[in-house]
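Given next are the chains, with one letter for each unit.
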Amino acid sequence: MTERVRESQVTKKPRSVRQLAVRHAMPLKIALGWLALLALWEIAGRQQWVAGGALPSPSGILGQLVVDWHDYPEHIRATVRTSLLGFLLGNLVAVLVGFLMASWRPAGRLLSGVNVTLFAMPPIALTPILIIAFDGDAPRIALAALSTYYPTMVATVLGLTRVDARLLDLVRLYGGGRWATLRWIRLRHALPTLLAGLRVAAPNAVLGSLLAEFGSGSGAGLGHYLIGSLGRGDPARLWGIGLVATAISAGFYLAILLLARGWVGRQAPAQESLGGSSGGSMSRASRLLCLAISITLPVLLWWGAVWGLERVGVSSFVLRSPPELVAELFSTMRPESLTSIVGGALAQTVPWCLAGMLVGLAFALLLAIVGTLSPVLGRVLMPLSLLTQSMPLVALTPLIVLIFGRDGATILAITISVTFFPAYVTLAQGMALVPAATLDCVRVLGGSRWREIGLVSLPWSLPYLCAAARLVAPRAFLGVMIAEWLATGTGVGNLLNVARGSLDYGLVWAVVVAAVLVSVLLYLAVTLVEHWVLKRYAMAPAP
Amino acid sequence: MTLSRRRFLQMTGSGVMAGALGWPALSMAQNGQGTPFAMQASWVNDAEFSGYFVAQRNGYYADEGLALDYRPGGPDVIPEGALLSNRAAVALTTVESTLKAVTQQGAPLVVIGTQYQKSPVGIVSLARTPIEKPEDLAGKVLAVPPVNRLAVEAMLAANGMSTDDVRIVPYAYDPTPLLKGEIDASLDFVTNVPYTIQLQGEDAVSFLLYDHGFPVFNDTLVVTRQTLENRRADLLAWLRASRRGWEENFQDPTRYPPLFADSFFAGNGRAIDNEIFFNQAQKPLIESPNGIFSMADADIARCVEALGRIGIDASTEHFDTSLLAELDA
């Protein structure tokens, strides 16, 4: 097949310089756009336009990187090692669970509580618990593994189940059983989808490892280096570390991409779902039973983990099992009850979270529209937005604080920076899928580009907007927590930090559980809104 | 990165096992011969812990029959956590946090000595907008790490002020906001930040909380009651070796930091001159006529009284000087 592709490329040789220019116009424009952005950044850095010089110029960052280079190899090795181990461990579990869920339908329902929890929980909330529970590199590996799990699990299930039913019939027709369909159809079909999932999971593993490094006090790793460097008041160094972390993420991503290309060729994962994935054959009673088990399962896992840790000698002073925590929540022994402390903090955090979510979505929508109107601009801005995703926020916080102060503006800025990218990707995908015929319809009748967007693109992408909101809800909560922890000193983010500082482990557990619970509820609330909206407009949910 | 197969298996083996089982013992470094003994420091490797580095380098712990596992700290590491999760025998802690946990949460911890006779925690500001005493803080923005918030409240209360008079924001140990004027002062070790500020072409002024209503120890040596009971000999050995390390270090505070450039201080992100500055500045705060780590009864009493003023109901019972007494005997 590749032979034929190459052949056809050869025959399509451009015939004139003019054609050549047209063919290369787009990449050229994009490259020029990047250069212009870099130049602007350089000038802004040199002239100290931003925040009194707190934004270093690219040349300054590179220069500092060269000067510091002898420090880097050890930290890079540690970060790569822990994220790689976490990546392997998380994927192993994810693929096994994916297999289970694909081959035994009720498993999906039973595990849904655990899966939603793992997807929605804010990783920084989990860090203190992991550091209590594990030692050495283990918290970093664990957080990297947890951050890897969800995308891989989803990809495995999708790959194994969304198979062309006709192919399955064919194998069965020839007398093949479950094994034969797995061997000849499902596994082959799952591989490209799985590799696409791994690509999303890889940068997650790096960020997970970095986040756990902030608290683990280990001697090596980029997160550790970042913290050691904070005290120098040298933004160029901080940006350098952030860029190296970003490069590692990008390296992971590219490695998987190349692996996928080499292994399964350019064959795109089939998105078509043929053959119903109906789960409706269950009785009402067994559905309710499944629901009850799926809600109880995360709690049981927590209980089991605490039990196991006590067995290996972790002091019960730092651990709380579910019943212990409930008892402590309503205990009257404290000067101020845990429920009122945590409730007060949540009352500060949740409104900002909702606001941040809306602004982040609006921002992503705006960028998606800009991307539709001017594809060049969209693709020029893309790497910049990728950067904000994998840069450890701690490196950028001094800058963000200097620009936006220490109030609501900073909370919104940080929340937007963690939410808008996934929202943008989803929305851009939706807008790209608008049928050209419908757009032509507006165009033929004399409608402007704006009318096209207003009348066709936006309504068409409604399911994608809903999917984006669902994706973004837990991240918005994470963003607000980070801002509160690093900049404003308010709400849940700050409470978690203060609770740890004062060794109040009851409060630590209460905050962690509350944060996870609120994230999950937020996610479920958005899902409900999505159902309602899509039902009203009779649309199918975005994949 | 080239890895031999065996090395790779070693790494993956121990890491995955520890990750999967939460097995603390597996990932503990146990180098050298002797009784394994783990200490948890309160911060990343810098001059603050020079004495322990000297003792490691010169083999003082080995002389005492200990195989030391030195665990660095960091901004988010709570040293007492290492004691309570059974990962370290002794930890360097902030005394107000420890005794708050003891008195309010019932943590089974006890203070057996102190590294700093006078806590180096102070208020640092720029010389061109100086804050030289607590009263100057009125209406200003002060950045404070969450662990030290109680200390600031104590200092304000002792000077007839409260947290309503000052805007307190989180501090991430980055002097940039101070240098750019976004905050007016920050709470940090006065043995350290002024150097960084000088490096950036500014002058710093500072005052110690110790001298303004909060006379407490810092980097207190803390153990669990259980360790104090069961591992007396090991604790004595550790105290002896560590004291020897500090005494050697202060013979000439400029001598050792350069020797650690490629070992303990490697990759900590700071210049060796910074460590020398730190080591010199901390000498008068650590040394005591009664010997390094000692806790005089009068100083304990003042510490207890200061803690009482911020609602920590500490008492002299939380300090155990019996090991120090045995050390001197």
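Data block above holds the structure.
Residues numbered from 1 in each chain as written. Chains lettered and ligands numbered in written order. Predicted model: local features only at pLDDT ≥ 70, side-chain atom pairs only at ≥ 80, totals over all residues. Heavy atoms only, no water.

Chemist: Which residues make up the nonpolar core, and what values do they have?
Modeler: Membership of the largest hydrophobic core comes to 192 residues, with the highest contact counts inside it found for Tyr-505 of chain A together with Tyr-52, Ile-123, Leu-137, Trp-238 and Phe-319 of chain B. Sort the elements by how many residues they give to this core and helix 22 (residues 505-536) of chain A lands first, with 14 residues. If sequence neighbours within four positions are ignored, Leu-137 of chain B has contacts with Ile-123, Ile-131, Leu-142, Met-155, Leu-156, Met-161, Asp-165, Val-166 and Ala-185 of chain B. (Core = buried A, V, L, I, M, F, W, Y, C linked by side-chain atoms within 4.5 Å. Buried < 20%, exposed > 50% of the residue type's maximum accessible area, 1.4 Å probe, protein only. Helix = DSSP H or I, 4+ residues; strand = E, 2+ residues; numbered from the N terminus. Contact = heavy atoms within 4.5 Å.)

Chemist: Could you give me a rundown of the packing of helix 5 (residues 105-120) of chain A against helix 22 of chain A, with the residues and numbers involved?
Modeler: In a packed pair of helices, the relevant descriptors are the angle between the two axes and the axis-to-axis distance. Residue and element names in this part refer to chain A. Orientation of helix 5 relative to helix 22, taken along the N-to-C sense of each, is 105°, at an axis distance of 9 Å. Considering their axes alone, helix 5 and helix 22 lie roughly perpendicular with respect to each other. In this structure, helix 5 uses Val-116, Thr-117, Phe-119 and Ala-120 to contact helix 22, whose residues at the interface are Val-516, Ser-519, Val-520 and Tyr-523. Each residue belonging to the contact of helix 5 with helix 22 can be placed in one class, and the counts come to six nonpolar, two polar and no charged. (Axes fitted to C-alpha atoms, helices over the stretch in contact; angles between N-to-C directions. Parallel < 35°, antiparallel > 145°, perpendicular 65-115°, else oblique. Nonpolar A, V, L, I, M, F, W, Y, C, P; charged D, E, K, R; others polar.)

Chemist: For the pattern of salt bridges, give the residues involved together with the corresponding values.
Modeler: Residues and elements named next belong to chain B. Within the structure shown, the criterion is met by 24 salt bridges over all chains. Residue Arg-244 is joined to Asp-63 by a salt bridge in which the shortest nitrogen-to-oxygen separation is 3.3 Å. Placement of the pair is Arg-244 in helix 10 (residues 232-251) and Asp-63 in helix 3 (residues 60-63), with a sequence separation of 181 residues. For Asp-63, a relative accessible area of 52% translates into the label exposed. The partner of Arg-255 in a salt bridge is Glu-248, and the shortest N-O contact between them spans 3.2 Å. (Salt bridge = Lys/Arg side-chain N within 4 Å of Asp/Glu carboxyl O.)

Chemist: Outline the sheet that holds strand 4 (residues 109-116) of chain B, supporting the account with residue identities and numerical values.
Modeler: Residues and elements named next belong to chain B. What the five strands build is an open sheet, ordered 2-1-3-10-4; its pairing is mixed. Where the open sheet ends on each side, the last strands, each with one partner, are strand 2 (66-71) and strand 4. Taken pair by pair, the neighbouring strands of this sheet meet at an average axis angle of 25°, ignoring direction. For strand 4 and strand 10 (residues 218-224), the ladder comprises six bridges, and the chain directions are antiparallel. Residue pairing across strands places Tyr-116 opposite Asn-218, the latter belonging to strand 10. Running over the sheet, helix 10 touches strand 1 (35-40), strand 2, strand 3 (90-93), strand 4 and strand 10 and is turned about 60° from strand 1. (Pairing = 2+ DSSP bridges.)

Chemist: Any chance you could break down the interface of chain A and chain B for me, citing the residues and the numbers?
Modeler: With 60 residues of chain A in contact, the opposing surface of chain B contributes 53 residues. Both faces combined, the contact of chain A with chain B buries some 4,600 Å², and carbon together with sulfur accounts for 61% of it. Seen at the junction of chain A and chain B, the total is two salt bridges. Of the charged contacts, one joins Arg-406 of chain A and Glu-182 of chain B as a salt bridge, the two residues approaching to 3.1 Å between their closest N and O atoms. It is helix 10 (residues 222-230) of chain A that provides the largest number of residues to the side of chain A that touches chain B, a total of six residues. The residue makeup of the side of chain A that touches chain B, split by class, is 28 nonpolar, 19 polar and 13 charged. (Buried area = accessible area lost by both parts, 1.4 Å probe.)

Chemist: Which residues make up the packing of aromatic side chains, and what values do they have?
Modeler: Residue and element names in this part refer to chain B. Applying the stated criterion across every chain yields a total of 23 aromatic pairs over all chains. Ring geometry for Tyr-116 versus Phe-189: centroids 6.0 Å apart, planes at 90°, classification edge-to-face. Of this pair, Tyr-116 sits in strand 4 while Phe-189 sits in strand 8 (residues 185-189); the two residues are 73 residues apart in sequence, bridging distant segments of the chain. With a centroid separation of 5.5 Å and an interplanar angle of 50°, the aromatic rings of Tyr-195 and Phe-277 are classed as tilted. Of this pair, Tyr-195 sits in helix 8 (residues 193-199) while Phe-277 is found in helix 12 (residues 272-286), placing the two residues 82 residues apart along the sequence. Given the relative accessible area of 12%, Tyr-195 is considered buried. Classification of Phe-277 as partly exposed rests on a relative accessible area of 23%. Among the aromatic side chains, those forming a connected cluster through ring pairs are Phe-37, Tyr-52, Trp-238, Trp-246, Phe-250 and Phe-293. Here the guanidinium or amino end of Arg-244 rests over the ring plane of Tyr-60, the centre of that ring lying 3.9 Å away. The ring of Tyr-256 has Arg-255 sitting right over it, with the charged end atom 4.7 Å from the ring centre. (Phe/Tyr/Trp six-rings, centres within 6.5 Å; stacked < 30°, edge-to-face > 60°. Lys NZ or Arg CZ within 6 Å of the ring centre and 35° of its normal.)

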